[in-house]
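Given next are the chains, with one letter for each unit.
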Amino acid sequence: MADVQTTNQTILVVGGGMSGVTAALEAAEAGYDVVLVEKNPYLGGRVAQLYEYFPKLCPPNCGLEINFRRMKVNPRIRFFTMAEVGGISGQEGDYDVSIKLSPRYVNEKCTCCGKCAEVCETEIDNPFNYGMDKIKAAYLPHDFAFPTRYVLDPSIVGTEEGEKCRDACVYDAIELDMQPSEFDIKAGAIVWACGWEPYDASKIEYYGFGEYKNVITNVMMERLASKSGPTEGKILRPSDGKEPKNVAFIQCAGSRDENHLPYCSGICCLASMKQASYIRDLYPDAEVTIFFIDIRALDRLEDFYTKVQEDEKVTFIKSKIANITEDEETGDLVLEGENTRTGEQILMNFDMVILATGMVPNQIAIEPPPDVSYDEYGFLTNDPEKRGIYGAGCSRRPTDVASSVQDATAAALKAIQSIARR
Ligand SMILES: Cc1cc2nc3c(=O)[nH]c(=O)nc-3n(C[C@H](O)[C@H](O)[C@H](O)COP(=O)(O)OP(=O)(O)OC[C@H]3O[C@@H](n4cnc5c(N)ncnc54)[C@H](O)[C@@H]3O)c2cc1C
Ligand code: SF4
Ligand code: SF4
């Protein structure tokens, strides 16, 4: 069991994406002890899964690695991966929190030599690539995972395969008898930075996601474009591995729709423009059509929108696509709808479609639930009447990395004030 010394001066940060890591660093660098818990086996959240991120279109490891370096030299931050909060009791200035750890089956002696993966034959869907490829059941979650340590999938624990992996490890890093564990901490304030999940596109039945292989989502597109993705950065049609020549993006896929997500996620218009440029950079002959209701570009990213509009192979059509069908022989997709500017009917063929789905907040799913407020869509509101637990980043609203970082800094300050008020 972890022995973690904490007091009611400690700040707990839940969620180790860009927001949680920022809140943890800001609080620790201001002189406060921080415990950071992350449910994945690595830190970095959804940003780690992007190919490039705007505004500068840098690879995610630029921004993340600077933060990981700051964490490594700061003894005030203790972080736990494969960890979740089991329960919260108390009030501002004095919380008791239980933390649940899932077994990784690999200890800190792991050197990432990869021998366990070499002997492992079992493969599992790769969660980092949204299940678009397989990985060995003994795996490093992704190329620049932090902490840099392998994980064993529970499906091989208790099997001969698990034992083969353990025997292949000359560093004694594999512990097949690791058990789930729990420990308690004290905290004076909590920052909730659990971010977002992509909206489940299979709920938008008329777009055929899950049924038609060449209909994918925007988060999958980030992995397809990435060198460490399932196609090593070559954007290829999932059905037959062909280079796409004619690609459609459907904006507001399930968003601004009372039957799905009633709100605008604010980011998916720019994400599609960014992804259109991934395709155009890779395939100079490819054509891209973006079907939109309205284009929402965050203020400072308007320039990016202008640049994409200047590309003559990118067409914007104002339309809410009503339906997609598939040509079973070719895997091509037929989009139907109406051009809402001209009133003309749309019946167009594409070889690949990307659904620009929105962001769903990860709420505090703990029993009994702590006393916090949510807005009508389930985002935390940081109600001034309810102090002590503060949402940060995309737990509070769908937004980009730069705004998440600012928001997380503000949440760290609020957490410090909660402790100072005691
Ligand atoms: C298709 C697409 C492309 C995008 N591209 C860009 C871009 O180019 N530039 C840009 O600025 N923004 C982009 N964004 C937005 C960007 O992804 C978000 O701004 C960013 O992820 C917000 O970080 P976060 O830490 O708030 O949330 P997240 O990245 O979601 O991190 C939350 C973390 O909390 C963890 N967690 C969840 N629940 C729990 C729990 N119960 N206990 C412990 N841990 C938990 C998660 O595992 C995760 O690590 C894009 C979004 C989409 C949809
Ligand atoms: S667990 Fe052992 S064998 Fe596997 S990568 Fe780590 S050190 Fe190598
Ligand atoms: S950002 Fe664009 S695609 Fe996303 S919900 Fe808003 S208008 Fe629709």
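Reading the values: rules and limits
Residue positions are given per chain, counted from 1 along the sequence in the order it is written. Following the order in which they are written, the chains are lettered starting with A and the ligands numbered starting with 1. Totals for whole chains, interfaces and linings use every residue, but because this is a predicted model, local features are given only for residues with pLDDT of at least 70 and side-chain atom pairs only at 80 or more, for both listing and counting. To get the side-chain values, take all heavy atoms of the structure and skip hydrogens and water. Strands are runs of DSSP state E lasting at least 2 residues, helices are runs of H or I lasting at least 4, and numbering of each runs from the N terminus. A radius of gyration in this sense is built from C-alpha atoms; the matching globule rule multiplies 2.2 Å by the number of residues raised to 0.38. Relative accessible area decides the class of each residue, using a 1.4 Å probe on protein chains only: under 20% of the type maximum gives buried, over 50% gives exposed, and in between gives partly exposed. Contacts were defined at the residue level, with two residues in contact if any of their heavy atoms lie within 4.5 Å. Where accessible areas are quoted, they stem from the Shrake-Rupley method and a 1.4 Å probe; at the residue level, only the protein chains shown are allowed to cover. By convention in this text, a residue qualifies as near a molecule or strand provided that one of its non-hydrogen atoms is within 4 Å of it. In this classification, Asp, Glu, Lys and Arg are treated as charged, Ala, Val, Leu, Ile, Met, Phe, Trp, Tyr, Cys and Pro as nonpolar, and every other residue, Gly included, as polar. Any two strands with at least two DSSP-identified bridges between them are counted as paired. Orientation is described by lines fitted to C-alpha atoms, with helices fitted over the stretch in contact, and by angles between N-to-C directions that extend from 0 to 180 degrees. Aromatic contacts are taken between Phe, Tyr and Trp rings whose centres are within 6.5 Å, Trp giving its six-membered ring; a plane angle under 30 degrees counts as stacked, one over 60 as edge-to-face, and the others as tilted. A ring has a charge above it when a Lys NZ or an Arg CZ is no more than 6 Å from the ring centre and no more than 35 degrees off the ring normal. Among buried residues, those of type Ala, Val, Leu, Ile, Met, Phe, Trp, Tyr and Cys that are joined through side-chain atoms within 4.5 Å constitute a nonpolar core.

Caption draft 1: Spotlight on the overall build of the protein. Assigned secondary structure in the protein consists of eight helices and 22 strands. Its C-alpha atoms give the protein a radius of gyration of 23 Å, near enough to 22 Å, the size a compact globule of 422 residues would have. The proportion of buried residues among the 422 residues of the protein is 54%. Taking the contacts inside the protein whose residues are at least 6 apart along the sequence as the reference set, 68% of them involve residues at least 24 apart. When the accessible area of the protein is evaluated, it comes to approximately 19,000 Å², of which 47% is carbon and sulfur surface.

Caption draft 2: Region of interest: the site of ligand 2. Taken together, 13 residues surround ligand 2, and among them C110, C113, G114, C116 and C169 come closest. Its residues assigned to classes, the shell around ligand 2 shows ten nonpolar, two polar and one charged.

Caption draft 3: Looking closely at the sheet that holds strand 5 (residues 94-101). The strand order across the open sheet built from three strands is 4-5-10, with neighbouring strands paired in antiparallel fashion. The open sheet has two edge strands with one neighbour each: strand 4 (83-91) and strand 10 (181-187). Going from strand to strand, the sheet's axes swing by 20° on average, the running direction of each strand aside. Here strand 5 runs beside strand 10; their pairing, made up of seven bridges, is antiparallel.

Caption draft 4: Geometry of the packing of aromatic side chains. Here the structure, examined in full by the defined rule, presents eleven aromatic pairs. Where Y51 meets Y278, the ring centres are 4.8 Å apart and the plane angle is 70°; that geometry is what we call edge-to-face. Placement of the pair is Y51 in the loop between strand 2 (34-37) and helix 2 (60-72) and Y278 in helix 6 (residues 268-282), with a sequence separation of 227 residues. What makes Y51 partly exposed here is its relative accessible area of 21%. Judged by relative accessible area, Y278 falls into the buried class, the value being 6%. With 4.8 Å between their ring centres and 75° between their planes, Y206 and Y207 make a pair best called edge-to-face. Accessibility expressed as a relative area gives 0% for Y207, which makes it buried. An aromatic cluster of three or more residues is present, and its members are F68, F79 and F146. In this structure, R46 is placed above the aromatic ring of W196, and the distance from its NZ or CZ to the ring centre is 5.2 Å.

Caption draft 5: Local environment of the nonpolar core. Counting residues in hydrophobic clusters, the biggest one holds 36 residues, and the most contacted among them are I11, V13, V34, M71 and V191. Residues in contact with M71, not counting those within four places in the same chain, are V21, L25, L36, L43, I77 and F79. Counting residues in hydrophobic clusters, the runner-up holds 35 residues, among them V219, F292, I295 and M352.

Caption draft 6: Representation of the site of ligand 3 in the model. The local shell around ligand 3 consists of Q251, C252, S255, R256, C264, S265, G266, I267, C268, C269, D294 and R296. Taken together, the elements giving at least two residues each to the shell around ligand 3 come down to strand 14 (246-253) and helix 6. Residue composition of the shell around ligand 3, by class: five nonpolar, four polar and three charged.

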